[in-house]
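Analysis of the macromolecular model
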Amino acid sequence: MEKAENPTENSKLISFLENPIDLQKFKSKNNGNVTTSVNNGLKYQYHPAINDSIFYGYNFITDSIGPKGINEIVVFKYGENKHRFEDETEILIEMRIFNKDSDLGKANLIGHSKAELESEFGIDYLTFDKGIAYSNKNKVLILELDKSKVNSYRYVKLNTEKIDNDLIGQIIK
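What counts as what
Residues numbered from 1 in each chain as written. Predicted model: local features only at pLDDT ≥ 70, side-chain atom pairs only at ≥ 80, totals over all residues. Heavy atoms only, no water. Buried < 20%, exposed > 50% of the residue type's maximum accessible area, 1.4 Å probe, protein only. Helix = DSSP H or I, 4+ residues; strand = E, 2+ residues; numbered from the N terminus. Pairing = 2+ DSSP bridges. Phe/Tyr/Trp six-rings, centres within 6.5 Å; stacked < 30°, edge-to-face > 60°. Axes fitted to C-alpha atoms, helices over the stretch in contact; angles between N-to-C directions. Contact = heavy atoms within 4.5 Å.

A few words on the pairing of strand S2 (residues 53-60). With seven of its eight residues buried, S2 lies for the most part within the structure. Of the strand pairs in this sheet, strand S1 (residues 34-39) and S2 are connected by six bridges, and their pairing is antiparallel. Counterpart to Asn-39 in the pairing with S2 is Phe-55. The pairing of S2 with strand S3 (residues 71-78) spans eight bridges and is antiparallel. Pairing of Phe-55 across the sheet is with Phe-76, part of S3.

This is the structure we're talking about:
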């Protein structure tokens, strides 16, 4: 992996990484096409210091399910509504997106070209075998490319702001 030259601060990238999706709006549109599960937070994921909390996975079924499976959104839930689907206190931790879904809005990146990404988010990214990774503070967007087009991506809120090749490698395993 190599760091791109001429790093510049990109407000569109920062805005995207701060809030890639309106989670409550997305969930309300997809209420009937979701399965849920409680899971353990992964070591690299953001773990807020809040007692009585859980990580929850939402698996969303889209019109076309590709060979990598269905889209998943992982959230951190706490408080009295943590076992309810309608929980506005949940914190977005990760998105694993493998299929196009127009309900994702600006996060519907499947099929975008590398040139489109560079135009939108800039050229300050890490490169790795199959793609590129953008980051800001403790958030990272890892895009897997096939023939210079996004075929899957992961958005992760991390427990560190030190984002390097080793961490990206751990996430994409």
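So, on to the packing of aromatic side chains. Taken as a whole, this structure holds nine aromatic pairs when the rule is applied. The interplanar angle of 50° and the centroid separation of 5.2 Å between the aromatic rings of Phe-16 and Phe-121 together place this pair among those described as tilted. One end of the pair, Phe-16, is in helix H1 (residues 11-18); the other, Phe-121, is in helix H3 (residues 114-121), with 105 residues separating them in the sequence. There is no split in this pair, since Phe-16 and Phe-121 are both buried.

As a further point, take the sheet that holds strand S6 (residues 131-136). Strand order in this open sheet of eight strands is S1-S2-S3-S4-S8-S7-S6-S5, and the pairing throughout is antiparallel. Two strands bound the open sheet, and with one partner strand each, they are S1 and strand S5 (126-128). Going across the sheet, the axis of each strand differs from the next one's by a mean of 20°, ignoring polarity. Seen against the sheet, H3 touches S6, strand S7 (139-146) and strand S8 (149-157) and runs at an angle of roughly 15° to S6. Where helix H4 (residues 165-172) meets the sheet, it contacts S5, S6, S7 and S8, and its direction lies at approximately 65° from that of S7.

Functional significance is not addressed by these values, which are geometric in nature.
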